[in-house]
Amino acid sequence: IYAPVWLFDVIIDSLQWVADTFKSEGFENAAETGRIGKYYAVEPMLTTDPSEKFGTMTLQDHFNKIAVEGQEYDPYTSMFAKGPTTAEKKEKEEVSA
């Protein structure tokens, strides 16, 4: 979904105007939520170093790597995989030979 940044400004300013005019805490909270949403929409969340913003590995490459090598336990991911055991590697080499 794409929305121009100025749209945030229009909505936030409108909510703030209503909050100031009618002394409404609810509209004040809505305007603040809009400010937070705008912050997360325009600020880079992963890094601020321009050379690190774009990687060379695609998501599919990442999943393929996990399928082959496994992955350390990470409680924040829904994808769990273990690398092949030594016996499985040996068996695979024998089959492909």
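The structure this text deals with has already been given above.
Fair warning: this is a prediction, and the values are worked out from it, not measured in the lab.

Notes on the overall build of the chain
And then number 1: Counting its regular elements, the chain contains four helices and zero strands.
And then number 2: Of the contacts formed within the chain by residues at least 6 apart in sequence, a portion of 20% connects residues at least 24 apart.
And then number 3: Carbon and sulfur atoms make up 59% of the accessible area of the chain, which amounts to about 8,600 Å² in all.

A few points about the packing of aromatic side chains
And then number 1: Under the defined criterion, the tally for this structure stands at one aromatic pair.
And then number 2: Between Y39 and Y40, the aromatic rings sit 5.3 Å apart at their centres with planes inclined by 85 degrees, giving edge-to-face as the arrangement.
And then number 3: Y39 sits in the partly exposed class, given a relative accessible area of 46%.

Digging into unusual backbone geometry
And then number 1: Phi is positive for K23, close to 50 degrees, though the residue is something other than glycine.
And then number 2: Within the secondary structure, K23 is located in the loop between helix 1 (5-22) and helix 2 (25-42).
And then number 3: Under the relative-accessibility criterion, K23 is labelled exposed at 73%.

Brief notes about the environment of G37
And then number 1: If you trace the backbone, G37 turns up in helix 2.
And then number 2: Put simply, G37 and F8 are 29 residues apart on the chain and 8.3 Å apart in space, counted from C-alpha to C-alpha.

Structural notes on the pattern of salt bridges
And then number 1: Within the structure shown, the criterion is met by two salt bridges.
And then number 2: Ionic pairing is found between D9 and K38, a salt bridge with its closest N-O pair at 2.6 Å. Of the two residues, D9 is situated in helix 1 and K38 in helix 2; the sequence distance between them amounts to 29 residues.
And then number 3: R35 is paired through a salt bridge with E32; the nearest N and O atoms lie 3.1 Å apart. A residue pair is termed a helical-turn pair when its members lie 3 or 4 positions apart in one helix, as R35 and E32 do in helix 2 at three residues.
And then number 4: For E32, a relative accessible area of 38% gives the class partly exposed.

About the criteria used
Residues numbered from 1 in each chain as written. Predicted model: local features only at pLDDT ≥ 70, side-chain atom pairs only at ≥ 80, totals over all residues. Heavy atoms only, no water. Helix = DSSP H or I, 4+ residues; strand = E, 2+ residues; numbered from the N terminus. Contact = heavy atoms within 4.5 Å. Areas by Shrake-Rupley, 256 points an atom, 1.4 Å probe, with all protein chains shown as cover. Phe/Tyr/Trp six-rings, centres within 6.5 Å; stacked < 30°, edge-to-face > 60°. Buried < 20%, exposed > 50% of the residue type's maximum accessible area, 1.4 Å probe, protein only. Salt bridge = Lys/Arg side-chain N within 4 Å of Asp/Glu carboxyl O.

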